[in-house]
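If you want the building blocks of each chain, they are given just below.
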Amino acid sequence: MADALEMGTMFPQDLTEDLFNTVRGKSAIAELCPQSPISFTGNDVFVFSMDDEVALVGEGEKKEQGAVAVEPVKIVPVKIEYGKRVSDEFMYASDEKRLDILAAFNEGFAAKVARGLDIMAMHGVNPRTGTKSQLITNSFADVTNVVTYDASAPDDNLMEAIAGLGDYDCTGMALSKDFAGAMGKIKTNNTLVYPEFAFGAQATAFYGTPCAVNTTVSFDGQTEAIVGDYSAFRWGFAKEIPLEVIPYGDPDGSGDDLKAYNQVYLRAEAYIGWGVLDDNAFYKIAGSVNPGSVKTTSAKASK
């Protein structure tokens, strides 16, 4: 029989009035980039560029055309879900005992969606398995502009990455907790240089630039920061399906019928899409070198 939450074994039989929800999750991307409307069938965002500068034309001189390119970036929503079997006795008792399991499930799902957005959009992987997914065709994993991380000089890493953005501005910084911790350790004359990162502080801005510190940034074990112009990124929900209680069938494919085992299935789903509109608008700080060693920067990818 599929594993399920049950009364008696999971909770005492006496009155249960509260739950401590251990589910944690937030999105660095959502903090740095506002949500945009996403069509259920997908959006084509057209990226318009003029690579030449304006031409100075003298009297009677010939005018020449400049380079213009219009390329679409397809944003296709993907479906994410979270489900769990629960005994029907558990569900009946939850009303009677004021055990707010349904609200906790909804809150937990919202946290997991926020975390999942980062993991998918930053690293191009299935959040549960941690492996590359063919359903994800656009992510920060494709960004080839990389500064090699030096834990002894993370501020130098940031300056190098920002300088590499060229005409793009740095409007946001997504930082791993390790990167933020390294920033908080930097001292001059025994004084902390960046106290906003010290002792686990969650800085939301750095020298006026929004930043977000999140474990999702380093989910791949390599990336420590993603900095750049977050106006060149789009994300949004195409559809959100409220929590449903499924009383029949075998919704998780376990082979066990719900009614046969006196169970119901809790399931929450959402459709979410995103797209990096120009890889050159971002730099990643990733990998590592020995503290104090010479930093290296990859060549900027030509478009």
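Note that the structure is a prediction, hence the values are computed from the model and not measured.

**Q** Explanation requested: the overall build of the protein in the structure shown.
**A** For the protein, the count of helices and strands is five helices and 13 strands. Relative to its 303 residues, the protein shows a buried fraction of 43%. Across the protein, contacts joining residues at least 24 apart in sequence account for 78% of those joining residues at least 6 apart. For the protein, the accessible surface area stands at approximately 16,800 Å², while carbon and sulfur atoms represent 52% of it.

**Q** For this particular structure, what's the right way to read the sheet that holds strand β3 (residues 78–87)?
**A** What the three strands build is an open sheet, ordered β3-β12-β11; its pairing is antiparallel. Where the open sheet ends on each side, the last strands, each with one partner, are β3 and β11 (233–246). Ignoring which end each strand starts from, the neighbouring axes of this sheet average 10 degrees apart. Pairing geometry for β11 and strand β12 (residues 263–276), over eleven bridges, is antiparallel. Looking at β12, one finds that G236 is bridged to G273. Against the sheet, helix α3 (residues 101–123) contacts β3, β11 and β12, and its axis sits at roughly 30 degrees relative to β12.

**Q** Whenever I open this one, the sheet that holds strand β13 (residues 282–286) confuses me. Can you help?
**A** Across a sheet, strands are paired by hydrogen bonds formed along the backbone, either parallel or antiparallel in direction. As summarised here, the arrangement of the six strands in space is β4-β13-β10-β5-β9-β8, forming an open sheet in which the pairing is mixed. Looking at which strands have only one partner, the edges of the open sheet turn out to be β4 (146–148) and β8 (205–206). Bridging between β4 and β13 involves three bridges; their strand directions are parallel. Residue pairing in the sheet places T148 in a bridge with A286 of β13. Across the face of the sheet, helix α5 (residues 177–185) comes into contact with β5 (172–175), β8, β9 (209–213), β10 (223–228) and β13 while running at roughly 85 degrees to β10.

**Q** Which parts of the structure should I look at to understand the pairing of β10?
**A** Each regular strand carries side chains that alternate between the two faces of the sheet. For β10, the buried fraction is high: six of the six residues fall into the buried class. Judged from the four bridges that link them, β5 and β10 form a sheet pairing that is antiparallel. Within the sheet, the bridge partner assigned to L175 lies in β10 and is A225. Both β10 and β13 contribute to a ladder of five bridges, which runs antiparallel. Paired with V227 across the bridge in β13 is Y283.

**Q** What is the right way to look at the pattern of salt bridges in this model?
**A** Think of it this way: side chains of opposite charge can pair up when their charged atoms draw near. Within this structure, the stated rule accounts for four salt bridges. Taking the shortest distance from any N to any O, the salt bridge between D250 and R85 comes out at 2.9 Å. One end of the pair, D250, is in the loop between β11 and β12; the other, R85, is in strand β3, and 165 residues separate them in sequence. Notably, a salt bridge pairs R85 with D252, separated by 2.8 Å at the nearest N-O pair.

**Q** Honestly, the packing of aromatic side chains in this entry has me stumped. Any pointers?
**A** The geometry of an aromatic ring pair is captured by two quantities: the separation of the ring centres and the angle between the planes. Overall, the coordinates contain eleven aromatic pairs when judged by the stated rule. Taken together, a centroid distance of 4.9 Å and an interplanar angle of 85 degrees make the contact between F140 and F282 edge-to-face. Here the residue F140 occupies a position in the loop between α3 and β4, and F282 occupies one in strand β13, the gap between them amounting to 142 residues. Neither F140 nor F282 differs from the other in exposure class; each is buried. The residue whose ring lies beneath R128 is Y82, and the NZ or CZ to ring-centre distance is 5.2 Å.

**Q** Please clarify how the side chain of N138 should be interpreted in this entry.
**A** Within the element layout of this structure, N138 appears in the loop between α3 and β4. Of the polar contacts made by the side chain of N138, one reaches the backbone nitrogen of V276; its length is 2.7 Å. Leave out the neighbours within four places in its chain, and N138 touches V73, W274, G275 and V276.

**Q** Any chance you could explain the side chain of D155 here in plain terms?
**A** By the element assignment, D155 lies in helix α4 (residues 154–163). Excluding residues that lie within four positions of it along the chain, D155 makes contacts with M183, I186 and Y194.

About the cut-offs
- Residues numbered from 1 in each chain as written.
- Predicted model: local features only at pLDDT ≥ 70, side-chain atom pairs only at ≥ 80, totals over all residues.
- Heavy atoms only, no water.
- Helix = DSSP H or I, 4+ residues; strand = E, 2+ residues; numbered from the N terminus.
- Buried < 20%, exposed > 50% of the residue type's maximum accessible area, 1.4 Å probe, protein only.
- Contact = heavy atoms within 4.5 Å.
- Areas by Shrake-Rupley, 256 points an atom, 1.4 Å probe, with all protein chains shown as cover.
- Pairing = 2+ DSSP bridges.
- Axes fitted to C-alpha atoms, helices over the stretch in contact; angles between N-to-C directions.
- Salt bridge = Lys/Arg side-chain N within 4 Å of Asp/Glu carboxyl O.
- Phe/Tyr/Trp six-rings, centres within 6.5 Å; stacked < 30°, edge-to-face > 60°.
- Lys NZ or Arg CZ within 6 Å of the ring centre and 35° of its normal.
- Polar contact = N/O pair within 3.5 Å; in protein donor to acceptor, adjacent residues only side chain to side chain.

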